[in-house]
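# A closer look at the structure
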Amino acid sequence: MSLTFPTTSLKKPSGITALPNQMKRPGFGTLYGFDAQGATATPVTRQDDLVHWWKGEDLTSTIGGADFVAQNGATTSSGAGVNGEDVLLLDGTDDWFQTADVDAGVGTAFSVSFWVKSLDASTTIYTGAFRSFFGWGHTNANFGFKCGPHPSLQYFYVYGNIGNGASDPKIYAREISFNTTHGINPRDWTMWTVTWASGNSPKIYANTTLVETGTAVSGTMADGYDTASEGSKFELGRRLDTASYVCNSLFQQIRLYGVELSASDISDIYNSGNGDWS
């Protein structure tokens, strides 16, 4: 048996060949990827402005170097995320996630964004005690930040100190009856976002809807040192000064930006309910 070879000769390319169509060099700091079919993945919104970022698929920190540590059996749930990802799971008994002491590092502007889905029975309120979804270094007598639901009064609250103690200015906002006014079902995935910059009013967004605007305040957001108890660590699913105030919920895509996000930014993150990481 003999082998035959094509007579057409192959020519070496001259110079630099052009990139295939639809391929572009990403801008510096922009996160790009490809899905299993080779389509370009959605870039993460304003990644360069992220100070801390936990995807929630496990306990590791993607940006900021502050990994979560599970407390009292807090764990993950397989495939329960917005797009079928693994997510962080709290059973509402006595478990939560926290980091080691670390500076929040946000200064005169910040935004907090995270996705949460309640596992409680109610479809109208986040049930339980006065809880915090996410915060850092806060007690009522000291300073830091916290935000979350107040189920008995049916509002979502934001509370943070601008300065170094209880007598200093605060950022504060609360949205009354967000569940009935805005049709939020706690058992659905909801993206909550809090934004603020010095001299501006703190704002609360449910998905892409601006649901509350607080009173304008100027200053620098505290990192939240409370040497008597919680230090300056981040905590997820528990009010930092009260271990009994915990959540029966799923969490993913917890982000702390060092800027005040715009409504357009928030819409980009929400991405029609699919998230900007899909």
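Every value quoted in this text rests on a predicted model; they were computed, and no experiment measured them.

## Let's talk about the environment of Phe 156
Inspection of the secondary structure puts Phe 156 in strand β9 (residues 155-161). Judged by relative accessible area, which is 0%, Phe 156 ranks as buried. Between the C-alpha atoms of Phe 156 and Arg 174, which are 18 residues apart in sequence, the distance is 5.5 Å.

## Some words on the side chain of Arg 238
Assignment of secondary structure puts Arg 238 in the loop between β14 (234-236) and β15 (248-257). Note on Arg 238: relative accessible area 3%, which makes it buried. Among the polar contacts made by the side chain of Arg 238, one reaches the side chain of Glu 235 at a distance of 3.1 Å.

## Some remarks on the pattern of salt bridges
In total, this model carries 5 salt bridges according to the counting rule given. Among the ionic pairs, Asp 276 bridges to Arg 255, the shortest N-O distance being 2.6 Å. Within this pair, whereas Asp 276 is found in the segment after α2 (263-270), its partner Arg 255 is found in strand β15, the two being separated by 21 residues in sequence. Assigned by exposure class, Asp 276 and Arg 255 land together as buried. Each of Arg 46, Asp 49 and Asp 265 takes part in a single network of salt bridges with overlapping partners.

## Some words on the nonpolar core
Core analysis: the largest hydrophobic core is formed by 39 residues, its most contacted members being Phe 110, Phe 114, Trp 136, Phe 145 and Trp 192. Considering every element that reaches this core, the biggest residue donor is strand β6 (residues 109-118), with 4 residues. Ranked by size, the runner-up nonpolar core spans 17 residues in total, among them Leu 250, Leu 261, Ile 266 and Trp 277.

## What about the pairing of strand β13 (residues 209-213)?
Summarising the sheet, strand β12 (residues 203-206) and β13 pair through 4 bridges and their orientation is antiparallel. Within β13, the residue paired with Lys 203 across the bridge is Thr 213. What sits between β12 and β13 in their antiparallel hairpin is a turn of 2 residues, with Asn 207 showing a positive phi close to 55 degrees.

## A closer look at the packing of aromatic side chains
Inspection of every chain in the model, using the stated rule, returns 16 aromatic pairs. Members of the aromatic cluster, connected to one another through ring pairs, are Trp 54, Phe 68, Phe 97, Phe 110, Phe 134, Trp 136, Phe 145, Trp 196 and Phe 234. Arg 238 extends its terminal NZ or CZ atom over the ring of Trp 96, reaching a point 4.0 Å from the ring centre.

## Thoughts on the environment of Arg 131
Among the structural elements, Arg 131 can be located in the loop between β6 and β7 (134-136). Taking relative accessible area as the criterion, Arg 131 reaches 3% and is therefore assigned buried.

## Re unusual backbone geometry
A positive phi is found at Arg 46, a non-glycine position, where the angle reads about 50 degrees. Relative to the helices and strands, Arg 46 is located in the segment before β1 (50-54).

Cut-offs and rules
- Sequence order as written defines residue numbering, which begins from 1 separately in each chain.
- Whole-chain, interface and lining totals are the exception, using all residues; otherwise, since this is a predicted model, local features are given only for residues with pLDDT of at least 70 and side-chain atom pairs are given and counted only at 80 or more.
- Each side-chain value is derived from all of the structure's non-hydrogen atoms; neither hydrogens nor water enter the calculation.
- Strands are runs of DSSP state E lasting at least 2 residues, helices are runs of H or I lasting at least 4, and numbering of each runs from the N terminus.
- Throughout this description, buried means an accessible area under 20% of the type-specific maximum (1.4 Å probe, protein chains only), exposed means over 50%, and partly exposed covers the range between.
- Any pair of nitrogen or oxygen atoms within 3.5 Å is treated as a polar contact; in protein, a donor-acceptor pairing is required on top of that, and neighbouring residues in sequence qualify only through side-chain atoms on both sides.
- The salt bridge criterion pairs a side-chain nitrogen of Lys or Arg with a carboxyl oxygen of Asp or Glu, the two atoms within 4 Å.
- In this description, a nonpolar core means a group of buried Ala, Val, Leu, Ile, Met, Phe, Trp, Tyr and Cys residues linked to one another through side-chain atoms lying within 4.5 Å.
- Strands were regarded as paired on the criterion that DSSP finds at least two bridges between them.
- Stacked, edge-to-face and tilted labels apply to pairs of Phe, Tyr and Trp rings (six-membered ring for Trp) whose centres lie within 6.5 Å, assigned for plane angles under 30 degrees, over 60, and everything in between, in that order.
- Criterion for a charge above a ring: Arg CZ or Lys NZ at most 6 Å from the ring centre, at most 35 degrees from the ring normal.

Bear in mind that shape data such as this cannot, by itself, settle questions of function.
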